[in-house]
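Chains, contacts and geometry: an overview
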Amino acid sequence: RSAADEVVEMDGRRALRLPCNFQGTRHDRASWDREVKLDLVGCRGLQFDLFCANPSPVSHFSFFFRSGNGWYTASFAPETSTGWSRVTIEKTDTRIEGTPAGWGTIGTLRISAWRGRNEDTEFYVANLGLLGADAPIVVVRSESAAKTSPGEARGAAEFAKAMADTLDRLGLPFVVISDLDLTAERLKGRAVVVLPYSPGMPDSVADTLVGYLKGGGKLISFYTLHWKLREAAGIPGSQHVPQKYSGHFAEIRAAGDGLMGLPPVVKQKSWNVAHSEALAGKSRVVATWFDDKGQSTGEAAIVVSDNTIHMTHVLLGDDLANKDRLVLAMVGHFAPKLWERVAEAALRRMTHFG
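To keep things clear, this report deals only with the structure shown in the data block. In this text, all values refer to a predicted model and were calculated from it rather than measured experimentally.

Helix and strand counts for the protein stand at seven helices and 21 strands. A globule of 354 residues ought to have a C-alpha radius of gyration of about 20 Å, and the protein, at 23 Å, matches this closely. Taking the principal axes of the C-alpha coordinates as reference, the protein spans close to 70 × 45 × 40 Å. Considering only contacts within the protein whose residues lie at least 6 apart along the sequence, 75% involve residues at least 24 apart. Charged side chains of the protein number 41 positive and 40 negative; the gap between the two group centres comes to 1 Å.

Once that is clear, we can look at the packing of aromatic side chains. Evaluated as defined, the whole model comprises 14 aromatic pairs. Between the aromatic rings of Phe-61 and Phe-123, the centroid separation amounts to 5.0 Å while the plane-to-plane angle is 75°, which identifies the pairing as edge-to-face. Of the two residues, Phe-61 is situated in strand S5 (residues 58–67) and Phe-123 in strand S10 (residues 121–131); the sequence distance between them amounts to 62 residues. The same class applies to Phe-61 and to Phe-123, which are both buried. Ring centres of Tyr-197 and Tyr-223 lie 5.9 Å apart, and the angle between their planes is 25°; on these two criteria the pair is classed as stacked. Of this pair, Tyr-197 sits in the loop between strand S13 (192–195) and helix H4 (203–214) while Tyr-223 sits in the loop between strand S14 (218–222) and helix H5 (227–233), and the two are 26 residues apart along the sequence. Just as Tyr-197 is buried, Tyr-223 falls in that class too. An aromatic cluster is built from Trp-32, Phe-48, Phe-61, Phe-63, Phe-65, Tyr-72, Phe-76, Trp-103 and Phe-123, whose rings are joined through pairwise contacts. The ring of Phe-290 has Arg-253 sitting right over it, with the charged end atom 4.3 Å from the ring centre.

Along the polypeptide, Thr-288 turns up in strand S19 (residues 283–290). Using a relative accessible area of 13% as the deciding quantity, one classes Thr-288 as buried. Not counting chain neighbours up to four residues away, the residues in contact with Thr-288 comprise Glu-251, Ile-252, Arg-253, Ala-255, Ser-296, Gly-298, Glu-299 and Ala-301.

Running from amino to carboxyl end, helix H6 (residues 320–334) crosses helix H7 (residues 338–349) at an angle of 135°, the nearest separation of the two axes being 8 Å. Taken together, the axis directions place H6 and H7 in an arrangement best described as oblique. On H7, the residues that touch Leu-328, Ala-329, Val-331, Gly-332 and His-333 of H6 are Leu-338, Trp-339 and Val-342. Tallied by class, residues from the contact of H6 with H7 come to six nonpolar, two polar and no charged.

Cut-offs applied
- Residues numbered from 1 in each chain as written.
- Predicted model: local features only at pLDDT ≥ 70, side-chain atom pairs only at ≥ 80, totals over all residues.
- Heavy atoms only, no water.
- Helix = DSSP H or I, 4+ residues; strand = E, 2+ residues; numbered from the N terminus.
- Rg over C-alpha atoms; globule rule 2.2 N^0.38 Å.
- Contact = heavy atoms within 4.5 Å.
- Lys, Arg positive; Asp, Glu negative; His and termini not counted.
- Charge placed at Lys NZ, Arg CZ, Asp CG, Glu CD.
- Phe/Tyr/Trp six-rings, centres within 6.5 Å; stacked < 30°, edge-to-face > 60°.
- Buried < 20%, exposed > 50% of the residue type's maximum accessible area, 1.4 Å probe, protein only.
- Lys NZ or Arg CZ within 6 Å of the ring centre and 35° of its normal.
- Axes fitted to C-alpha atoms, helices over the stretch in contact; angles between N-to-C directions.
- Parallel < 35°, antiparallel > 145°, perpendicular 65-115°, else oblique.
- Nonpolar A, V, L, I, M, F, W, Y, C, P; charged D, E, K, R; others polar.

Listed below in structure tokens is the structure:
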């Protein structure tokens, strides 16, 4: 139903011209597919340049990745109609349709322009490439939760996205990998693995991460932690502890021999925690939960061992500046060279306005 694409030379670059034949037609979108065999596990997503001089006939654009019996999809829009826009499709921004088999088996790429009005237009795509390959930090997105904990799947995706946004604000290089795609080879050489929220983690995924830890890898986890990982980390616990009253878990306060750069107080109004303890000779409590009256709850907020930092609840979006500092302290503890990367990114941002 869509008009044929063609390869053209435009502004000194080789580009794909994609004409949208909306006038006199009834289809709701113009779409083009490209059959591929792509392994996108080791990158953040895709990026490309897009130019559309007349975007008004298009209500919105979408990009699709077919995997197995499902799709990953995300919407996007050009930043300008007077020149080329750089479009990034982050894996954490995608929605899941059907039952995809993971990012390692992408068989089709699809780009769609959705009808906004009955008028023809066209757009151009160039410089399609990978985003964030070979990054030192891996954020694990718990896509297995769709099967093991269906009620938690949406939350798992949202917390992976929130962690990616945090690392992005800090200027830290990272890649997002589905737990369906996690292998020893794909973790090889990575400095830190982050589990933003991994409900119902399969034993096979836990085994892969235990092997990573035994090989010298470092882990940062939030709220849930598989029992095999707790044993490997030396951080016992996992019992669910609900709040006794609103404001029971209101602040994370640094305690004892804390992490370098950890804020003294981080606001977070949590409704429960997963009880965790320090194991003599293996781990230590570096932060404790306080209530909104300034009283200690006695529950550990952050526990650190030689190979793992575990926070006893998910990372929420309140007190965002201190949350960024908290994550930086965690990452910087295991990968000190990344402090310099954050400083360089902060200096670069100082030169940008508006």
